Every structure is written in C-alpha cells, then in structure tokens.
Amino acid sequence: SPPQGPRVMTVTDKRKTGKIQLPREVFQSLSSLAARLVVMVLNLRHFGMFKEVNQTGQVLDDMVVGITVGETGISGLQDPVKLSFAHGQLPHVSQPCCHPVPGAGLVGGWSSSGCTTQPGDEETVCSCDHLTFFTLLLNPALDEATAQPLLAVASAGCGVATAFSILTIAFCLFLRCGFRFEENLRINLGLHLNLVGSLFLLNLAFLLNSRLAAGSQPGTCKVLGGFTHYCLLCCFTWMALEGCHLYLLFVKVLGTYIHHYLAKLCLIGWGFPVLVVGVAGLIGSYGDYSIQTLDHQPIAHLCWITSKHLLVHYITNCGYFGLIFLFNMAVFAVVIHKSCYLQGTGAGQQGRRAWKVALVAVGLFCLLGATWALAFLTHGTSSGPMLYLFTILNSLQGIFIFIWLVVLYYPKTKETTGSLSNIIRHDKATTVSQD
C-alpha cells in the first residue's frame, strides 16, 4: 500500500508468496541486450483501479500483479507466462485468471482471453500469452440466507420430480402392455421410458446424497458420489439418444432399420456412463464436497467430484452436456422446420390444431435437455433468481414430460396416438412421390 512503499520480500518471511515464470521467448523478442523488468503489486483498496461498474466478482485479496519487460507490449507468446497466486482455502467457486480489458483505461472491466486457469487448494496457476496486469476474479459464493431456502426448494423439487417420474414410468408401461401401437411408437415409448427412468434415479440419488453425505465414511461417500455422477451421465446420454432417434426418424426417414435397435440404445445409454465413472473412480475423483459461504463456513456437504478433480467435472459434465445440447438443438431445429414445411404443403393431417404442434415442440424441447442449459448460466454464480429458476425448472421437468406424454400418447383417438408417426408417414409418402 502507498504508506509502506516498495519493499523486498525476504526468504525468512513465513507467508506463502506467489511466483512468476517468464519464458525465454519474452527476452528473445527484445530489440536490445538489456531491458528493465518491472513487477508491480497493487492493492485495489487504496488505488481504486480497474473497478467494473456492475462487477459481482471479488478480486483475490484486492491484489493485482503487473509485469512489464522493456518499453513495448508483449503478446502472442507461444510459451505462456505463468503466475502462481498463493492463497488459503477458497470457496468452491470459479477462479478465472483475468486482466483489464484493453483500451478501457483504469476503470474498465476484466477479461480472461489469452489466459487459462489451473486451480488448486492452496495455489492457482495462471498461464497467459501476454504481459499486462493480472489477478484472480472470484465469483462470490452463496450466502447462507440464499443457500438454505435454495436447498429446501431443491429437495422439495426432487421429491415432486421423483413422484411424477414414477407416474410417468407406470403410464408408459401401461401403454406398452395394454395397447397395440406401431413399432415406431413402441420404440418412442421405450426411449421415453428409459429417459424418465434416468431422471428418477438422478432425483433419488440427490435425495440420498443430501441426507447421507454429512458424516458418511470416506468409502461410502465415494460410492455415493460415483452413483450420483453415473445417474447424471445416464440422464445426459439418454437425452442424446432421444436426439439421435429424432434425427433417424425425420432426416434419414427411408431405409433405416437397425436390428435390436432399442436393446443397443439401452447398452449405450446405461453402459457408456459406467466406463466414464469407472475411469473417474480409478483416479480418485469422488469424495466429500462442501458448499461454503464467503467466510468459509460450510452450508452443506455432498458426495461428489472433489475440488482437486474439477477438471473431471468440467470435461464429463459441462463439456459432455454442451456437445449434447448443441447437437439436440440442431436436430430440434430440423424437426420443427420439417414439420412446419409439411403443415404448409398440406402433407400433415388437415384437422390437427396448432396447439398440438406447439405441444409436440415444447415436449421435444424439454426432452432434449433445454432446461438443463440453464446450468451453464448459473454455473459459478450466486445470482439468487437464476439459481432458483434453474432449480425449479429442472424439478418440473418430470411434470412437463408426464403431461406431454399423457396428452400426446393416451389413445383417445387415432389422431392423438399417431401425432409423431403421422408426420413421419406423410413425410415418407411425400419423399416417395418426389422420387
């Protein structure tokens, strides 16, 4: 701070200090044999620099580190500059390495472009391809006033979703066993049955986790964390299989026959997550995960992927679902476009009401995981409304699917039971006539 002035950190100082590693490329790019290297450590509480107007993140220890070498700016490094920020235990929130937005002056916002973050329990390493000011920007953790009601809403929502998942499974079994449908509709019901089954297991796993995680033995916690992760991956995988099935029905309509189709889908939907969870378990990814407040007070304990293996979470959960969601939304757009085209050309049923087409669209949107996309908007944030919205919508997903299946598949009339297959059947007829 300004009253202290510059000082040299001695080797006898007991505090943990940060480290800076400059690559050889920095010095090879200089035009002269000698250059001044300056490292500045600024306390933002005293200087008031780099303050974003609506900034919700918290700068680690209000500290910013600036590095300059020579008189010109250095960027585009192949071998990055590495800064190690030493710190104590932090809340389990994102820790992006940030630098001031270029051209925004001393009151601009922060950007993480050109930097990657390697978080750790006591040290976070920033790797950046340029020299400027750097800091860790922490998204604030939940406060207890928000966290406790949110946990109550999540538990109640999972209970409601579990009940409606059971009703949906019973309804699908009732339709498959009590009525005769075309093969396409039987496969559709089988797919929906497996997706709802994975949602049931996921909600059940969360309820068990929230009740048993606190005070459980390490071995039990690892098993419970692996089971919860397995249920989540099964849910994502069955969403992907729903999208693949829609693609085969609406895009590759003719000449598509796969022997034991539903059995092979079950092998993928329930078997692939076993491989992922098995590999994650072998490297010791599961254990106690605590949700903490800003003052490091634990709010809740879960058996989940530990903070030491956050990369496993980002790859197997965030990355995996991101790819699935992009693919499913592309399939959804193709299906809606094709359905609207067939309705416009008169290929669809003449008497079908517009609300039924809208209902099919909303149901598909929910089946393909649209409500889960809010996880990306709420991941690492403490925005109360967004967290409540994500929790409530995902709790209601089971109710949405139940209502959708009852209205769409309950055999009141021929038109209702064949709403999806009619589009496919007329699409086949249209394609054959064009050929």
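Residues numbered from 1 in each chain as written. Predicted model: local features only at pLDDT ≥ 70, side-chain atom pairs only at ≥ 80, totals over all residues. Heavy atoms only, no water.

Which entries qualify depends on this criterion: UniProt positions are given in the numbering used here, feature names are shortened, and annotations may be inferred rather than shown by experiment.
Under an unreviewed UniProt entry, the name given to the protein is AGRG3 protein, and the source organism is Ramphastos sulfuratus. You can read under Subcellular location (unreviewed entry) in the UniProt record for the protein the words "Membrane".

Quick look at helix α5 (residues 218-250)
Helical geometry note: an α-helix holds 3.6 residues per turn, so side chains three or four residues apart project in the same direction. Stated formally: We count a stretch as a helix when DSSP gives it H or I for four or more residues in a row; a strand needs E for two or more, and each element gets its number in order from the N terminus. Under the convention used throughout, the expected extent of a helix is 1.5 Å for every residue step, that is, one less than its residue count. For every residue, the accessible area obtained with a 1.4 Å probe (protein chains only) is divided by the maximum for its type, and the residue is called buried under 20%, exposed over 50%, and partly exposed between those limits.
The terminal C-alpha atoms of α5 lie 48 Å apart, and with 33 residues this matches the ideal 48 Å at 1.5 Å per residue to within 8%. Taking burial as the measure, the 33 residues of α5 include 24 buried ones, the bulk of the element.

Some remarks on unusual backbone geometry
Non-glycine residue His 260 carries a positive phi angle of around 50°. Summarising the element assignment, His 260 is placed in the loop between α5 and α6 (261-282).

Overview of the state of the cysteines
Worth spelling out the cut-off: We call a pair of cysteine sulfur atoms a disulfide when they lie within 2.5 Å.
One pass over the structure, following the stated rule, counts three disulfides. With its sulfur 1.8 Å from that of its partner, Cys 97 forms a disulfide with Cys 126. Between Cys 97 and Cys 126, the disulfide has an S-S torsion of -85° and is therefore left-handed. Here the residue Cys 97 occupies a position in strand β6 (residues 97-100), and Cys 126 occupies one in strand β9 (residues 123-128), the gap between them amounting to 29 residues. Under the relative-accessibility criterion, Cys 126 is labelled buried at 1%. Here Cys 115 connects covalently by a disulfide to Cys 128, the sulfurs 2.1 Å from one another. The S-S bond linking Cys 115 to Cys 128 shows a torsion near 115°; that makes this disulfide right-handed. Within this pair, whereas Cys 115 is found in strand β8 (residues 115-118), its partner Cys 128 is found in strand β9, the two being separated by 13 residues in sequence.

Observations concerning the sheet that holds strand β5 (residues 81-86)
Note the threshold: When DSSP finds two or more bridges between a pair of strands, those strands are recorded as paired. Note on definitions: angles span 0 to 180 degrees between N-to-C directions of axes, and those axes are lines fitted to C-alpha atoms, for helices only across the stretch in contact.
Taking strand neighbours across the sheet as the criterion, the four strands line up as β1-β5-β9-β8 in an open arrangement whose pairing is antiparallel. Whereas interior strands pair on both sides, the edge strands pair on one side only; in this sheet they are β1 (19-21) and β8. Across the sheet, the axes of successive neighbouring strands diverge by a mean angle of 15°, strand direction being ignored. Pairing of β5 with β9 involves six bridges; the strand directions are antiparallel. Looking at the pairing, Lys 82 lines up with Ser 127 of β9.

Examining a nonpolar patch on the surface
Note the threshold: Patch membership needs two things, relative accessible area over 30% and no salt bridge, and members are linked within 9 Å if like-charged or within 5 Å if nonpolar (Val, Leu, Ile, Met, Phe, Trp, Tyr). Using a 1.4 Å probe, the Shrake-Rupley method yields the accessible areas, and only the shown protein chains count as cover for residues. Definition used for salt bridges: Asp or Glu carboxyl oxygen within 4 Å of a side-chain nitrogen of Lys or Arg.
Together, Ile 20, Phe 27, Leu 37, Val 39 and Val 41 make up a nonpolar patch on the protein surface, roughly 420 Å² of accessible area in all. In terms of residue count, strand β2 (residues 37-43) provides more of the nonpolar patch than any other element does, three residues in total. Here Val 41 falls in the exposed class, since its relative accessible area comes to 55%.

Comments concerning the packing of aromatic side chains
Given two aromatic rings, their pairing is described by the distance between the two centres and the angle made by the two planes. Quick note on the threshold: Only the six-membered ring of Trp is used, alongside the rings of Phe and Tyr, when aromatic pairs are assigned; centres must lie within 6.5 Å, and planes under 30 degrees apart are stacked while those over 60 apart are edge-to-face, with the rest tilted.
All chains considered together, the criterion is met by five aromatic pairs. Measuring from ring centre to ring centre gives 5.7 Å for Phe 164 and Phe 402, while their planes differ by 70°; the resulting arrangement is edge-to-face. With a gap of 238 residues between them, Phe 164 in helix α3 (residues 144-178) and Phe 402 in helix α11 (residues 397-409) connect regions that are remote in the sequence. Accessibility expressed as a relative area gives 25% for Phe 164, which makes it partly exposed. Taking the centre distance of 4.9 Å and the plane angle of 40° together, the rings of Phe 236 and Phe 321 count as tilted. With Phe 236 in helix α5 and Phe 321 in helix α7 (residues 310-345), this residue pair connects regions lying 85 residues apart in the sequence. This pair shows no difference in class: Phe 236 is buried, exactly as Phe 321 is. What links up through ring pairs into an aromatic cluster is the set Phe 236, Phe 321 and Phe 325.

Things to note about the UniProt feature "transmembrane region" (unreviewed entry) in the protein
UniProt's entry tags residues 150-175, 187-207, 227-250, 262-286, 314-336, 357-375 and 387-410 with the feature "transmembrane region" (unreviewed entry), counted in the numbering of this structure. Along residues 262-286 one finds 84% helix and 4% strand; the C-alpha atoms at either end are 32 Å apart.

Quick word on the pattern of salt bridges
The final tally for this structure, using the stated rule, is one salt bridge. For the salt bridge of Glu 123 with Lys 19, the shortest nitrogen-to-oxygen distance reads 3.8 Å. Placement of Glu 123 in strand β9 and of Lys 19 in strand β1 is noted, with a sequence separation of 104 residues between them. By relative accessible area, Glu 123 is classed as partly exposed at 29%.

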